[in-house]
Amino acid sequence: MNRQKLSQFDPDIFSIIAKERKRQEEGLEMIPSENFVSPAVLEALGSILTNKYSEGYVGNRYYGGCEFIDSVEQLAIDRAKELFGAEHVNVQPLSGAPANIAVYLALLKPGETILGMDLSHGGHLTHGSPVTHMADLFNFVRYKTNAQGVIDYDELRDMARRHKPQLVLVGYSAYSREIDYRKIKAIADETESMTMADIAHIAGLIAGGRMNNPVPLFDVVTTTTHKTLRGPRGGMIMCKEKWAKVIDKSVFPGFQGGPHEHNISAKAVAFKEALQPEFRIYAGQVIKNAKVLEEELKKRDYTICFGQTDNHLLLIDLTNKGLTGREAQVALDAAGITVNKNMVPDDPRSPMNPSGIRLGTPALTTRGMKEDQMRLVADWLDTAVTHHASETVLQRVKKEIVELTAKFPLYA
Ligand code: DSN
């Protein structure tokens, strides 16, 4: 076995990691699906649990030597149940897309219908984008948001009555409003459809008690564990007991092989963190920070899609600012602010060069930033967008950001 330290054996990878760490430390990370895990989560993730195969489930594995692996996986399951009030939990999905695919394949037959949100209105790639394999396998139909920017529940009901979907799907990657799960459940009950929520973006805000929780109501809820939930990169499925067998079978052996138990141990650590009172405060601050950004950007005449934010993210249509999402992303990158270009509702432009940007507050809030820092951030965002062609201005903003981030150290 090679026993040299990474820095000695592989200085190439070591120095790239060091550069990425510096980038994370010195910049403003505002991609709303990103966050910073704790040293304890990192420690579990980098543990010797990565060495073990454990196909199967707790107490029922295909391999020997799984007694400690079972304890890890059971802890992750128990903590997730406590966090979300779930009847059954599968912590093995490798990430959000595999979790969603495993659910579709568990609950539906090829050709059956899924009613989900239009992608440009905040839906997600795995909710039936034509470029995905799932779009070939199932019939996705879409509802949208209304003129006020909220889910058009009337259209959703009409479409459910018309298409009689086997599954009604909610949960979004760019939608900034609260969701009325009761209303959606009532619609689905009327058409005898199953219900699925993908809470990947807002799982931490739900766990922290700051947003509505679909878990007690819906048949199945999927999530990633690495966004607002602040765990390792991974997925999870929660469901009613009646779906437990079919979901578990779909994840393994239907879709995946051996679970990544080092990752599952890190999920367990993150769930323990999310069960602490401080996490509730964190989740509340994430939303407060997003609200301050919204107010400050509205003062500067930015168009906030969906009217406002109720969660951790803002989708901004830059059309009135005279630049595209891609141009803004490039300028903001140069200034040390990381966001992502994003389609806005019914965007006339293309996904690679859309009209908007999407940004959020989970990562900055993890660093300890609050309302005062958000006012500075809004100002820097506006300056970088307004002066996107001026290298001098972008460099000045970057310098000021490096000075601020030094006061909010990450892993020091
Ligand atoms: N890539 C994630 C996001 O940014 O929303 C979802 O898959």
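Just so we're clear, the structure is a prediction, and the values are computed from it rather than from any experiment. (Residues numbered from 1 in each chain as written. Predicted model: local features only at pLDDT ≥ 70, side-chain atom pairs only at ≥ 80, totals over all residues. Heavy atoms only, no water.)

**Description of the overall build of the chain**
- Counting secondary structure elements, the chain contains 16 helices and 15 strands.
- The globule rule puts the C-alpha radius of gyration for 412 residues at 22 Å, and the 22 Å found for the chain is close to it.
- Across its three principal axes, the chain shows a C-alpha extent of roughly 65 × 60 × 40 Å.
- By the burial criterion, 58% of the 412 residues in the chain qualify as buried. (Helix = DSSP H or I, 4+ residues; strand = E, 2+ residues; numbered from the N terminus. Rg over C-alpha atoms; globule rule 2.2 N^0.38 Å. Buried < 20%, exposed > 50% of the residue type's maximum accessible area, 1.4 Å probe, protein only.)

**Re the pairing of strand 12 (residues 313–317)**
- Where burial is concerned, most of strand 12 is hidden: five out of the five residues are buried.
- A two-sided burial pattern is seen for strand 12, the buried positions comprising Leu 313, Leu 315 and Asp 317 on one face and Leu 314 and Ile 316 on the other.
- Alignment of strand 11 (residues 303–304) against strand 12, held across two bridges, turns out to be antiparallel. Its bridge partner being in strand 12, Ile 304 is matched across the sheet by Ile 316.
- The sheet contact formed by strand 12 and strand 15 (residues 356–360) spans five bridges and is antiparallel. Within the sheet, the bridge partner assigned to Leu 314 lies in strand 15 and is Leu 359. (Pairing = 2+ DSSP bridges.)

**Brief notes about the pattern of salt bridges**
- As enumerated under the stated definition, the model contains 23 salt bridges in all.
- Between Arg 61 and Asp 70 there is a salt bridge, and its shortest N-O distance comes to 2.7 Å. Of the two residues examined, Arg 61 and Asp 70, each falls in the buried class.
- Among the ionic pairs, Glu 400 bridges to Arg 396, the shortest N-O distance being 3.4 Å. One end of the pair, Glu 400, and the other, Arg 396, are both in helix 16 (residues 391–405), four residues apart, so they sit about a helical turn from each other.
- A residue is classified by how much of its surface remains accessible, and Arg 396, at 43% relative accessible area, is partly exposed. (Salt bridge = Lys/Arg side-chain N within 4 Å of Asp/Glu carboxyl O.)

**Things to note about a nonpolar patch on the surface**
- The grouping of Leu 6, Ile 13, Phe 14, Ile 16 and Ile 17 at the surface amounts to a nonpolar patch, some 440 Å² of accessible area in total.
- Per element, the largest residue contribution to the nonpolar patch is four residues, and it comes from helix 2 (residues 11–26).
- Within the secondary structure layout, Phe 14 lies in helix 2. (Patch = residues over 30% accessible without salt bridge, like charges linked within 9 Å, V, L, I, M, F, W, Y side chains within 5 Å. Areas by Shrake-Rupley, 256 points an atom, 1.4 Å probe, with all protein chains shown as cover.)

**Points about the sheet that holds strand 11**
- Read across the open sheet, the four strands follow the order 11-12-15-14; overall the sheet is antiparallel. Each edge of the open sheet carries a strand with a single partner, namely strand 11 and strand 14 (340–342).
- The sheet contact formed by strand 14 and strand 15 spans three bridges and is antiparallel. Residue pairing across strands places Asn 340 opposite Arg 358, the latter belonging to strand 15.
- Sheet contacts for helix 13 (residues 325–335): strand 14 and strand 15; angle to strand 15, the most-contacted strand, approximately 45°. (Contact = heavy atoms within 4.5 Å. Axes fitted to C-alpha atoms, helices over the stretch in contact; angles between N-to-C directions.)

**As for the pairing of strand 15**
- For strand 15, a buried count of five out of five residues is recorded, marking the element as mostly surrounded by other parts of the structure.
- Of the two faces of strand 15, the one carrying Gly 356, Arg 358 and Gly 360 and the one carrying Ile 357 and Leu 359 are both buried.

**As for the site of the ligand**
- Residues in contact with the ligand, as listed here, are Ser 33, His 124, Ser 173, His 201, Lys 227 and Arg 358.
- With respect to the ligand, the side chain of His 124 contributes an N or O atom lying 2.7 Å from an oxygen atom.
- Separating an oxygen atom of the ligand from a side-chain N or O atom of Arg 358 is a distance of 2.6 Å.
- Considering the ligand on its own, with 230 Å² of exposed area, one finds that the protein chains cover 63% of that surface.
- The residue makeup of the shell around the ligand, split by class, is no nonpolar, four polar and two charged. (Near = heavy atom within 4 Å. Polar contact = N/O pair within 3.5 Å; in protein donor to acceptor, adjacent residues only side chain to side chain. Nonpolar A, V, L, I, M, F, W, Y, C, P; charged D, E, K, R; others polar.)

**Examining the sheet that holds strand 8 (residues 194–198)**
- With respect to topology, seven strands assemble into an open sheet ordered 4-10-9-8-7-5-6, the strand pairing being mixed. Edge positions in the sheet fall to strand 4 (88–90) and strand 6 (139–143), since each has one partner strand and no second. Adjacent strand axes in the sheet meet at a mean angle of 20° when their direction is disregarded.
- Relative to strand 10 (residues 235–239), strand 4 is paired through three bridges, and the arrangement is antiparallel. When the sheet's bridge partners are listed, Val 89 is paired in strand 10 with Met 238.
- Against the sheet, helix 8 (residues 181–190) engages strand 7 (167–170) and strand 8, with an angle of about 165° to strand 7.

**Observations regarding helix 10 (residues 244–255)**
- In a regular helix each residue adds 1.5 Å, so twelve residues correspond to 16 Å; helix 10 covers 15 Å between its end C-alpha atoms and thus fits that length.
- Taken together, the buried positions of helix 10 are occupied by Ala 244, Ile 247, Asp 248, Ser 250, Val 251 and Phe 252. Viewed end-on, helix 10 has its buried residues packed into an arc of 155°, placing them on one side of the element. Summarising the geometry of helix 10, the exposed residues directed more than 90 degrees from the buried face are Lys 245, Lys 249, Pro 253 and Gly 254.
- Contact partners of the buried residues in helix 10: strand 2 (56–57), strand 4, helix 5 (96–107), strand 9 (220–224) and strand 10. (Expected span 1.5 Å × (residues − 1). Arc of directions from axis to C-beta.)

**Some words on a positive patch on the surface**
- Where like charges cluster on the molecular surface, the positive patch consists of Arg 210, Arg 280, Lys 288 and Lys 370.
- Among the structural elements, Arg 280 can be located in helix 12 (residues 277–299). (Lys, Arg positive; Asp, Glu negative; His and termini not counted. Charge placed at Lys NZ, Arg CZ, Asp CG, Glu CD.)

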